[in-house]
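Structural description and commentary
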Amino acid sequence: MSESTTISEPEHIAISKSKGIKIDWKDSHHSDYPLAYLRDECPCATCTGAHGTEPQKSSYSSKPASPFKLYEPTLKMLSVEPVGNYAIRINWSDGHNTGIYSFDHFRKICPCPDCRAARA
């Protein structure tokens, strides 16, 4: 098994439908993905603009422009299902469900300070 394969292999995955996903990786790295961050980082073609269309990324992580924002339902994961041995599909409460979050994608978007600094 190559080192890059080991890096993208989770040792343990903890899912909280109201908080997010935590992954302990086989290389001893730990990642904590809050719900809003995960939804904003959806890898599907619509969200990324992969078909040459304008990306339709969500902005759940950004702060509201006005403190008097209208009611918005709380974002939740309605269901989470494995896709083979390489990914997870999330069915979101906002009706979105086309993103397949591969373990490689999870590792690339790790929000920890060290990974954020490495991407900058």
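Up top you'll find the structure we're talking about.
Here is a short report on the structure shown in this document. (Residues numbered from 1 in each chain as written. Predicted model: local features only at pLDDT ≥ 70, side-chain atom pairs only at ≥ 80, totals over all residues. Heavy atoms only, no water.)

1. Considering the pairing of strand β1 (residues 10-16)
Inspection of the sheet shows β1 paired to strand β2 (residues 20-25) by six bridges, in the antiparallel sense. Pairing of Pro10 across the sheet is with Trp25, part of β2. Once β1 ends, the chain turns through three residues before running back antiparallel as β2. (Pairing = 2+ DSSP bridges. Helix = DSSP H or I, 4+ residues; strand = E, 2+ residues; numbered from the N terminus.)

2. Comments concerning the nonpolar core
Counting residues in hydrophobic clusters, the biggest one holds 22 residues, and the most contacted among them are Ile21, Tyr33, Leu38, Ile90, Trp92, Tyr101 and Phe106. Elements supplying a minimum of two residues to this core: β2, α2 (35-40), β5 (87-92) and α4 (103-108). Setting aside its immediate chain neighbours within four residues, Tyr101 contacts Leu38, Arg39, Glu41, Cys42, Pro43, Tyr86, Ala87, Ile88, Ile90, Trp92 and Phe106. (Core = buried A, V, L, I, M, F, W, Y, C linked by side-chain atoms within 4.5 Å. Buried < 20%, exposed > 50% of the residue type's maximum accessible area, 1.4 Å probe, protein only. Contact = heavy atoms within 4.5 Å.)

3. Some thoughts on the sheet that holds strand β4 (residues 77-83)
Backbone-to-backbone hydrogen bonds join strands into a sheet, with any given pair of strands oriented parallel or antiparallel. The three strands are arranged β4-β5-β6 in an open sheet whose pairing can be described as antiparallel. Unpaired on one side and paired on the other, β4 and β6 (100-102) mark the two borders of the sheet. When strand polarity is set aside, the average angle formed by the axes of neighbouring strands in this sheet is 25 degrees. Of the pairings in the sheet, the one linking β5 to β6 comprises three bridges and is antiparallel in character. Following the sheet pairing, Ala87 is matched in β6 by Ser102. (Axes fitted to C-alpha atoms, helices over the stretch in contact; angles between N-to-C directions.)

4. Points about the sheet that holds β2
Judged by pairing direction, the sheet is antiparallel, and its three strands sit side by side in the order β1-β2-β3 without closing on themselves. Whereas interior strands pair on both sides, the edge strands pair on one side only; in this sheet they are β1 and β3 (30-34). Strand-to-strand twist of the sheet, defined as the mean angle between neighbouring strand axes without regard to direction, takes the value 10 degrees.

5. Overview of the side chain of Arg39
Looking at where Arg39 falls in the secondary structure, it is placed in helix α2. Residue classification places Arg39 among the buried residues on the basis of a relative accessible area of 7%. Ignoring anything within four residues of it in the chain, the contact list for Arg39 reads Cys47, Ser58, Tyr60, Leu75, Trp92, Asp94, His96 and Tyr101.

6. What about unusual backbone geometry?
The residue Ser28 is not glycine, and still its phi comes out positive at about 75 degrees. Take Ser28: it is sitting in the loop between β2 and β3. Residue Ser28 is classed as exposed on the basis of its relative accessible area, which comes to 58%.

7. Describing the state of the cysteines
Overall, the coordinates contain zero disulfides when judged by the stated rule. Looking at the unpaired Cys110, the closest cysteine sulfur is the one in Cys115, lying at 3.7 Å. (Disulfide = S-S within 2.5 Å.)

8. Digging into the environment of Ser61
Relative to the assigned elements, Ser61 resides in the loop between α3 (45-48) and β4. Relative accessible area serves as the criterion here: at 43%, Ser61 is assigned to the partly exposed category. As for Ser61 and Leu38, which are separated by 23 residues in sequence, their C-alpha atoms are 9.1 Å apart. Not counting residues within four places of it along the chain, the set of residues in contact with Ser61 comprises Ala36, Tyr37 and Asp40. Engagement of the side chain of Ser61 in a polar contact is seen with the backbone oxygen of Ala36, the distance being 3.5 Å. (Polar contact = N/O pair within 3.5 Å; in protein donor to acceptor, adjacent residues only side chain to side chain.)

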